[in-house]
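Chain and residue survey
In case you want the letters, here they are:
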Amino acid sequence: MDLYKGKRFWPTLTKEVSFSKQKGTHKVDVLIIGGGMSGLLSAYSLARAGKKVFLVEKDTIANGSSSLNTGLIQYMSDVEMVDIDEAKNKKVSNDFYLRSQKALDYIEEIVNELNDPTISFRRNDSLYVSNDEEEILKIKREVVRQNELNFETEFLDTQRLKK
């Protein structure tokens, strides 16, 4: 199945990484299938914790859907806290968002630990914009919920946005 059409951005900036095919039997603690972002982070974390890890990838490392992403990693989900509150409860949304923030902190820690000039991590602000009154009310409720967990969020009305 083709994951994309056109030219991918990341391969133009990076060198393709692949390893020789392994033969024989290998004694490992953990076998990870897939050399994308999730597989690589899992392998790194487990190896860092002292596990003997074996990662297999059918093609080239980080060349599938990981090479198609925007490079944007955020603690926020496609589902807002207020929606998780309604579908589940506040404990579930709190846990999800706090774990997501912790994961983001962990990725930053890994980048700093690797100390590789070709890898960077930068925190940026995000902005939700809407001209729909119902959506604006939802954004305001979301700001309140995220502030309950000490996320630095604020609502900017039209006047503040113009500044």
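Right above here is the structure, for reference.
Residues numbered from 1 in each chain as written. Predicted model: local features only at pLDDT ≥ 70, side-chain atom pairs only at ≥ 80, totals over all residues. Heavy atoms only, no water.

Thoughts on the overall build of the chain
Helices and strands together make up the secondary structure of the chain, namely five helices and two strands. Its C-alpha atoms give the chain a radius of gyration of 20 Å, more than 25% over the compact-globule value 15 Å for 163 residues. Across the 163 residues in the chain, those meeting the buried criterion constitute 21%. Accessible area for the chain stands at about 13,100 Å²; split by element, carbon and sulfur atoms hold 51% of it. Distance between charge centres in the chain, computed from 25 positive and 26 negative side chains, equals 7 Å. (Helix = DSSP H or I, 4+ residues; strand = E, 2+ residues; numbered from the N terminus. Rg over C-alpha atoms; globule rule 2.2 N^0.38 Å. Buried < 20%, exposed > 50% of the residue type's maximum accessible area, 1.4 Å probe, protein only. Areas by Shrake-Rupley, 256 points an atom, 1.4 Å probe, with all protein chains shown as cover. Lys, Arg positive; Asp, Glu negative; His and termini not counted. Charge placed at Lys NZ, Arg CZ, Asp CG, Glu CD.)

Here we look at the nonpolar core
Across soluble globular proteins, nonpolar side chains show a tendency to be buried alongside one another. Counting residues in hydrophobic clusters, the biggest one holds eight residues: Tyr-75, Met-76, Met-81, Ile-84, Tyr-97, Leu-104, Leu-149 and Phe-151. The set of elements that each furnish at least two residues to this core consists of α2 (81–87) and α3 (90–114). In this structure Leu-104 touches Ile-73, Tyr-75, Phe-121 and Arg-123, once residues within four positions along its chain are discounted. (Core = buried A, V, L, I, M, F, W, Y, C linked by side-chain atoms within 4.5 Å. Contact = heavy atoms within 4.5 Å.)

Details of helix α1 (residues 37–48)
Spanning twelve residues, α1 covers 16 Å between terminal C-alpha atoms, matching the ideal 16 Å at 1.5 Å per step. Positive phi shows up at Gly-50, right after α1, with a value of about 95°. (Expected span 1.5 Å × (residues − 1).)

Thoughts on the pairing of strand β2 (residues 53–56)
Of the pairings in the sheet, the one linking strand β1 (residues 30–33) to β2 comprises four bridges and is parallel in character. Bridging from a neighbouring strand, Val-30 pairs with Val-53 of β2. Read as a crossover between parallel neighbours, the route from β1 over α1 to β2 is right-handed. (Pairing = 2+ DSSP bridges. Right-handed = clockwise from strand over helix to strand, strands pointing away.)

What about the packing of aromatic side chains?
The final tally for this structure, using the stated rule, is four aromatic pairs. Judged by centre distance (4.3 Å) and plane angle (5°), the rings of Tyr-75 and Phe-151 are stacked. Of this pair, Tyr-75 sits in the loop between β2 and α2 while Phe-151 sits in the loop between α4 (133–148) and α5 (158–162), placing them 76 residues apart in sequence. Of the two residues examined, Tyr-75 and Phe-151, each falls in the buried class. By the ring-pair criterion, three or more aromatic residues cluster together here, those being Tyr-75, Phe-96, Tyr-97 and Phe-151. Taking NZ or CZ as reference, Lys-140 lies 5.0 Å from the ring centre of Phe-155, over its face. (Phe/Tyr/Trp six-rings, centres within 6.5 Å; stacked < 30°, edge-to-face > 60°. Lys NZ or Arg CZ within 6 Å of the ring centre and 35° of its normal.)

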